[in-house]
Structures are given as structure tokens and as C-alpha cells.
Amino acid sequence: MGDDRLKRAARVLAQAAIAATLVSIAASQILLGAALIACIAAYRAKLRVPPIWLPLSIFLAGTLVSLMLSADPGAGLPQVRKLYVFLIVIVAATALRSAGDVARTFLLCGSAATLSALWSFVEFWQRWRAAHELGRQFYTYYIGDRTSGFMSHWMTFGGQISIVATLVTAVLLWKAPPRRWLWWTAVSVMLAALLISFTRGMWLAAGAGGIYLIGRWRPKLLLLVPLLAVIAWLIAPEPLRQRVRSIYRPHGEQDSNYHRIVTWRTGIAMIRAHPWFGLGPEMPGREFRRFIPVVGPPLPEGWYGHLHNVYLQYAAERGVPVLLVFLWMVGKALWDWLRAARRSTAESAAVLHGCIAAVIAVLVAGIFEFNLGDSEVLMLFLALLACGYVAKPERA
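One structure accompanies this document, and this report is about it.

About the cut-offs
- Counting starts from 1 at the beginning of each chain's written sequence and moves along it residue by residue.
- Where local features are concerned, this predicted model is filtered to residues with pLDDT of at least 70; where side-chain atom pairs are given and counted, the filter is 80 or more; whole-chain, interface and lining totals use all residues.
- To obtain the side-chain values, all non-hydrogen atoms of the structure were used and water was disregarded.
- Aromatic contacts are taken between Phe, Tyr and Trp rings whose centres are within 6.5 Å, Trp giving its six-membered ring; a plane angle under 30 degrees counts as stacked, one over 60 as edge-to-face, and the others as tilted.
- Put simply, DSSP H or I for four residues or longer makes a helix, DSSP E for two residues or longer makes a strand, and each gets a number counted from the N terminus.
- The cut-offs for exposure are 20% and 50% of the maximum accessible area for each residue type, with area from a 1.4 Å probe on protein chains only; residues under the lower value are buried, those over the upper are exposed, and the others partly exposed.
- The distinction between a cavity and a pocket rests on a 1 Å grid over the protein atoms alone: a 1.4 Å probe fits inside a cavity but cannot get out, while a pocket stays open yet meets protein on both sides within 12 Å along at least five of seven lines, and a residue with an atom within 4 Å of a point counts as lining.
- Grid points are joined across faces, edges and corners, and a volume is the space filled by probe spheres set on the points.
- Here the nonpolar group is Ala, Val, Leu, Ile, Met, Phe, Trp, Tyr, Cys and Pro; Asp, Glu, Lys and Arg are the charged ones; every other residue, Gly included, is treated as polar.
- We treat Lys and Arg as the positive residues and Asp and Glu as the negative residues; His and chain ends play no part in the count.
- We define a salt bridge as a contact between a side-chain nitrogen of Lys or Arg and a carboxyl oxygen of Asp or Glu at a distance within 4 Å.
- Whenever two N or O atoms come within 3.5 Å, that pair is a polar contact, provided that in protein one can donate a hydrogen and the other can accept it, and provided that, for residues adjacent in sequence, both atoms are side-chain atoms.
- Any pair of residues with heavy atoms lying within 4.5 Å of one another is described as a contacting pair.
- We call a set of buried Ala, Val, Leu, Ile, Met, Phe, Trp, Tyr and Cys residues a nonpolar core when their side-chain atoms join them within 4.5 Å.

**Description of the packing of aromatic side chains**
The description of an aromatic ring pair rests on the distance of the ring centres and on the angle between the ring planes. According to the stated counting rule, one finds 16 aromatic pairs in the structure shown. Taken together, a centroid distance of 5.3 Å and an interplanar angle of 70° make the contact between F59 and Y314 edge-to-face. Separated by 255 residues along the polypeptide, F59 in helix α3 (residues 53-68) and Y314 in helix α16 (residues 310-318) bring together distant segments of the chain. Ring centres of F59 and F326 lie 6.1 Å apart, and the angle between their planes is 45°; on these two criteria the pair is classed as tilted. Here F59 is found in helix α3, whereas its partner F326 is found in helix α17 (residues 320-341), with 267 residues between them in sequence. Pair check on accessibility: F59 and F326 agree, each one buried. Aromatic ring contacts, followed pair by pair, group F124, W128, F138, Y139, Y142, F198 and W203 into a single cluster.

Pasting the structure below:
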């Protein structure tokens, strides 16, 4: 096989691996391995790593150090296996050679996310009908078993949709691909699916990414955001209004507000006790009851396997220095992309602004959920870190 064919195969496999995260993480990881082999065969010693290689390397090294110093290193092995998905940084940076390659990857992800969103509509109807047949109030029945598309959990699904919807929107605003009306329809489907998933943190994440895009594209349109919010509130069905009101008026333990407060306070206690190297990967869930603050028993309902916050989780697992390195890595990428976007072509600007908006969405979602603990979301996020630099002009 000639070099050109190998390079084409590497590109197609890399694009497929990124998009497959929205359908099946197993398929995605198989494609990632195939893409890596194709990259090695096509580019040999010329594999590329983005300029974030230093903080990324320190982050990975810090993870391994915290594992070795953990009271139970074996418990953290799932996080070691998860390091495999970090190869997408090298694969995407090597196989995707232009902003056009990246933009097409975003649209491919948009296609997969739209299919997942459409399936979530079927799930929503099934839950609506089940609640009616059981004579249950829909809100209380639905909160514990929400739509998740092709994923196993609604948080993973919401995290993916909030990322991909912002990426496709950026391509539509700056690049205007063929059949634009069809892609706007796809974005509408994704946002509708996100809305009926009732994941409040992901609503805020997508909103933050969308506000960034509007502010960069047509800043004056931001003045319409409050008006649109009022109109949306007036026309929203009652279950959606209930979900919004639950932010400040929760339905007892159902809405997880108090549960998150407990996990966050416990995380802070863990960090105070182990600030430098943390408890070790996967250990906050195992050691949770040892650090839990004083609350009236029993604990509020909810999942206590992690801290429901990316920043607290990384600091509690791996230490404050590793968290700071993570923030350095993300901050460097955002700064580099913002500078490059000012002097980019429309195609490069579409990718750069899309990456910035999507990373903002991930960072906002990370306040409310350990979204980077899911390989499906983590792999998308890591691919973004590479894609932004692929689109960045050489002199920017």
C-alpha cells in the first residue's frame, strides 16, 4: 500500500474512532488502535504531538505517581487502562492534516450524535407511557431513569451532546457547509434531546458554549438571550419548568442537590488530608465514608463512587499539583486557540471557535459531574485538544 493510501486510511480511521465514541466505546477503541497502526505505517517517526505535550506528560506521570503511592494501587488499575484513550491525541494530531479534515470530523460526529438523539426520543416516549400506565407522576418516575441515547447513562449522553452540538454549530456559523439547513435541523434535534434528558449541568454547559459562539460571531445578538430565556420559560411544559425550579427548590433527595453538596464537602476533606499526591485513582469512592463530613444519617440517595466534580476528583485522586497541571494544559490550549482565531481563515476559525466552545462546555459540566471519568467523553475531549492545534495556522 502506498504512502498516500496509508495516510488516507489513517485519516479515515482516526475520524471514525472519534465519531464512534458517540455509538460504542468498544468500537471506538478498536478503531483507535487501527488508526495508530496506520499512522505509524504512514508517518513512521513523524508522529505529531500538540504543543500541550509537556503538561499532558506531567499529568499522566502524576497519575501514575499517585497510583504507586496509593493505599491500594490495584484499585486504580481501571484508570491505568483508561490511559489508552490518550493515544487519540497523537492519532488525531498526526492523521488529521488540515482544518477541513477536522471540520468534516465534527460533522461526522454530528451525524452520530443526531442518531443517538433520535433514539433518545423513543426512550422518552417509552418512559412517558410507562409512567402513565403505572399511574405515576412523570417527573418523579423519570428522574431516576432518563434518556441516554446510545450511551449507558444520561450524564455521558448529555456530556457528548453538549460537546458535539457546539462543534457543529461553529462549523455552521463560520464555514457554512453544503445542505446547511439539514445540519441546523441536526443541531435542533441534538438540543431537543439534551433538553428532554433533564441534565441540568449539561444544559448549563451547552448554554455556556453557545453564548461563547454567539459572542464571537455576532456579539449584539447576546442582548436577545434574556428575552429568549423568558420566551422559553413561558412555552416550556411543566416537567421542564419543574426541572429548572429544582435548581433552587429540589424535590427532596430526588434532584441530587444535597447529594452533590455532601460529595463536594467530602472531596474537600480528602484534599485537605492528602493535598500533594491524593488518595490515588479510584480511591475517593472507596474511601468516601472515612472522610464524610457530619450529616444526619442516612446519606442522601445518590452515587458515591466519585465526587461529581472534575476538579475535586482530580485533586482528591491525584493531588492538587496534578489538578493545576490539568488547568495549565487546558488554559494553554484555550489561549493558543483564541490568539490563532483572530487571524484565521473561515475554515480554521470554525474549528478553533468550535474547540474553544466545546472545551468551555466541558469545563462548566465538570463543576457538576465527573464527566471526564467517562471514556466516551474523555476521548472526545482529548481529540479536541489535538484538533484545535491541527486547525491553528502555523504562524498564529
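Having seen it, we continue.
**A few points about empty space enclosed by the protein**
Under the counting rule described, the total for this entry stands at three cavities of 30 Å³ or more. There is about 90 Å³ of room inside the largest cavity. Along the walls of the largest cavity sit F59, T63, Q79, K82, L83, F86, Y314, R318, L372, G373 and L378, which together make up its complete lining. At the level of secondary structure, the elements contributing two or more residues to the lining of the largest cavity comprise α3, α4 (77-82) and α16. Grouping the amino acids of the lining of the largest cavity by side-chain chemistry returns six nonpolar, three polar and two charged.

**Quick look at the side chain of K82**
Mapped onto the elements, K82 comes out in helix α4. E282 provides the closest opposite charge to the buried, unpaired K82, separated from it by 5.4 Å. Side-chain polar atoms of K82 contact the backbone oxygen of G373, separated by 2.4 Å. Contact partners of K82, with chain neighbours within four places excluded, come to G373, D374, S375 and L378.

**So, the nonpolar core**
Soluble globular proteins tend to pack their nonpolar side chains together in the buried interior. Among the nonpolar cores identified, the biggest contains 127 residues, and F326 and W337 are the most heavily contacted of them. The residues contacting F326, other than those within four sequence positions of it, are F59, V310, Y311, Y314, L372 and F381.

**Here we look at the layout of surface pockets**
Its volume calculated, the largest pocket comes out at about 1400 Å³. Forming the boundary of the largest pocket are 35 residues, of which L191, W203, A206, G207 and A232 lie nearest the centre. Put simply, the parts of the chain that give the lining of the largest pocket at least two residues each are α8 (154-174), α9 (180-196), α10 (200-217), α11 (225-235) and α12 (238-245). Here the lining of the largest pocket takes eleven residues from α10, the largest share from any one element. Across the lining of the largest pocket, the residue classes tally to 28 nonpolar, five polar and two charged. Considered as a void within the structure, the second largest pocket measures approximately 970 Å³ in volume. In terms of lining residues, the second largest pocket is bounded by 39 residues, among which M155, H259, R260, H308 and E369 are the most central. For the lining of the second largest pocket, the elements supplying multiple residues, two or more each, are α4, α8, α10, α13 (257-273) and α16. If you tally residues by element for the lining of the second largest pocket, the top one is α13, at five residues.

**With respect to the side chain of S116**
Residue placement: S116 occurs in helix α6 (residues 99-134). The contacts of S116, once residues within four sequence positions are left out, are L22, G149, F150 and F157.

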